[in-house]
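Each chain is listed here by its residues.
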Amino acid sequence: MLELAGSILKVVFFLIFLISSVPKLANIKKFVDGVIEYRVVPRKLSVMYGYTLPVIELFASILIIFHSSSFYGFMMTLLLLVSFLIADIMVIKSKRSVTCSCFGNFLESQVDIFSLYRNGALIVLNVLAIGVTWSQHSIYSAASLVLGIVIVFIYFLSQKIWNDYKKNMKLLKA
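Residues numbered from 1 in each chain as written. Predicted model: local features only at pLDDT ≥ 70, side-chain atom pairs only at ≥ 80, totals over all residues. Heavy atoms only, no water.

Per an unreviewed UniProt entry, the protein chain carries the name Methylamine utilisation protein MauE domain-containing protein and comes from Paenibacillus vortex V453. Taken directly from UniProt, the Subcellular location (unreviewed entry) text for the protein chain runs: "Membrane". (UniProt positions renumbered as here; feature names shortened; annotations may be inferred.)

Engineer: Honestly, the packing of helix α2 (residues 28–38) against helix α3 (residues 43–65) in this entry has me stumped. Any pointers?
Structural biologist: What describes two packed helices is the angle between their axes and the distance between those same axes. Here α2 crosses α3 at 135°, and the two axes come no closer than 8 Å. Regarding the angle of α2 to α3, the classification is oblique. Seen along the crossing, α2 lies across α3 with a hand that is right-handed. The residues of α3 that touch α2, namely those facing Ile28, Lys29, Phe31, Val32, Val35 and Ile36, are Arg43, Ser46, Val47, Tyr49, Gly50, Tyr51, Leu53 and Pro54. Considering only residue class, the contact of α2 with α3 consists of 10 nonpolar, 2 polar and 2 charged. (Axes fitted to C-alpha atoms, helices over the stretch in contact; angles between N-to-C directions. Helix = DSSP H or I, 4+ residues; strand = E, 2+ residues; numbered from the N terminus. Parallel < 35°, antiparallel > 145°, perpendicular 65-115°, else oblique. Left-handed = near helix turned anticlockwise from the far one by under 90°. Contact = heavy atoms within 4.5 Å. Nonpolar A, V, L, I, M, F, W, Y, C, P; charged D, E, K, R; others polar.)

Engineer: Can you help me understand the nonpolar core in this one?
Structural biologist: Buried together is how nonpolar side chains tend to be arranged in soluble globular proteins. By size, the foremost hydrophobic cluster in this structure holds 33 residues, and its most contacted members are Phe13, Ile16, Phe17, Tyr38, Leu81 and Phe156. Elements with a minimum of two residues in this core: α1 (2–26), α2, α3, α4 (67–94), α5 (113–133) and α6 (142–173). Here this core takes 8 residues from α1, the largest share from any one element. (Core = buried A, V, L, I, M, F, W, Y, C linked by side-chain atoms within 4.5 Å. Buried < 20%, exposed > 50% of the residue type's maximum accessible area, 1.4 Å probe, protein only.)

See the structure below:
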């Protein structure tokens, strides 16, 4: 059962970070501008972070798939998720409206409470994945691939539903 859970988590994190990195790389300038908009660190650091983040996400997603390197991929994604959570908290505390470039052009959203819940849940799952996959050789099966894909679909669908809900609430208030 732990092998199945480990395989599912590997598929989930591989897909989430792959799907997040590709649109950022496809329009890197826009993503860097989005990172600068956060105003969490000085501009030069924001630019550097913006250019390196999608490459790190892509590299980490690839590391996650292979048992021999999955620990390193999960540690990289854990550090990224913590940095995302800290940046989101800082933006929310500043009461600024910032567009999250979390998924590049694939799925734009605002930094809000949903961002905190999303990143917090991913951090918990990431820590569980580290524990489950640390000593387990994950064997990919049709079940782990299908369940992983379904979970990722639900993950992105929930963000889309939240975005639509917020947009419709703004229209009702107008």
